[in-house]
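# What the coordinates show
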Amino acid sequence: MSQVVLSVGPAHTLRQAARMMAVQRVGAAVVHDPERSGIGILTERDILNSIGADQDPDAELVAEHRTHDVVFATPDWTLERAAETMASGGFRHLVVVDDGEVAGLLSMRDIVRCWSKAGSPVSGG
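The shown structure was predicted, so the numbers you read here are calculated from the model rather than taken from an experiment.

### Re a negative patch on the surface
Taken together, the side chains of Asp-76, Asp-98, Asp-99 and Glu-101 make up a negatively charged region of the molecular surface. The topology assignment puts Glu-101 in strand β6 (residues 101–107). With a relative accessible area of 56%, Glu-101 lands in the exposed category.

Structure below.
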């Protein structure tokens, strides 16, 4: 899990968010919106979908492309539980929350790194 989490605001343009994500070398950013309760997430896929739809990344705002119905994990989740949740939900990032605060962001890449170092918990077949 990455404990350094990039946060963007809903008024950032998609280009601004993409630049920040590129600099930080991350595939997702947490979206904090003081006018809306809860936490959102913006992913590379959200940006690609917008560009693929011929939308202008300098005019499109994060607020219109973030995911609102975020699935959260807690620090005590196992990698297996996180991977199963991501696979069944069709997404590649989980926001990790501890006592109502963002504690980190877990990506499929993080899980693969851990499993490749320790060996896969599931035998091949």
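### A word on the sheet that holds strand β3 (residues 39–43)
Strand order in this open sheet of three strands is β1-β2-β3, and the pairing throughout is mixed. Since the sheet does not close on itself, it has two edges, and those belong to β1 (7–8) and β3, each with one partner. Where β1 meets strand β2 (residues 28–32), two bridges bridge the pair, whose relative direction is parallel. The residue of β2 that forms the bridge with Ser-7 is Val-30. Contacts from helix α1 (residues 14–24) reach β1, β2 and β3, with the element oriented near 80 degrees to β3.

### Notes on the sheet that holds strand β4 (residues 72–73)
Taken in spatial order, the three strands of this open sheet run β4-β5-β6, and their pairing is mixed. Of all strands in the sheet, those bounded by a partner on one side alone are β4 and β6. Pairing analysis gives two bridges linking β4 to strand β5 (residues 93–98), with the strands arranged parallel. The residue bridging Ala-73 from the neighbouring strand is Val-96, located in β5.

### Topic: the pairing of β5
Most of β5 sits out of view: five of its six residues are buried. As a crossover connection, the stretch from β4 through helix α3 (residues 79–89) into β5 is right-handed. Sheet topology note: the β5/β6 ladder contains six bridges and is antiparallel. Paired with Leu-94 across the strands is Leu-106, a residue of β6. Here β5 folds back onto β6, and the loop between the two strands holds two residues, one of which, Asp-99, carries a positive phi near 55 degrees.

Reading the values: the criteria
- Residues numbered from 1 in each chain as written.
- Predicted model: local features only at pLDDT ≥ 70, side-chain atom pairs only at ≥ 80, totals over all residues.
- Heavy atoms only, no water.
- Patch = residues over 30% accessible without salt bridge, like charges linked within 9 Å, V, L, I, M, F, W, Y side chains within 5 Å.
- Areas by Shrake-Rupley, 256 points an atom, 1.4 Å probe, with all protein chains shown as cover.
- Salt bridge = Lys/Arg side-chain N within 4 Å of Asp/Glu carboxyl O.
- Lys, Arg positive; Asp, Glu negative; His and termini not counted.
- Charge placed at Lys NZ, Arg CZ, Asp CG, Glu CD.
- Helix = DSSP H or I, 4+ residues; strand = E, 2+ residues; numbered from the N terminus.
- Buried < 20%, exposed > 50% of the residue type's maximum accessible area, 1.4 Å probe, protein only.
- Pairing = 2+ DSSP bridges.
- Contact = heavy atoms within 4.5 Å.
- Axes fitted to C-alpha atoms, helices over the stretch in contact; angles between N-to-C directions.
- Right-handed = clockwise from strand over helix to strand, strands pointing away.

Coordinates in, geometry out; function isn't part of it.
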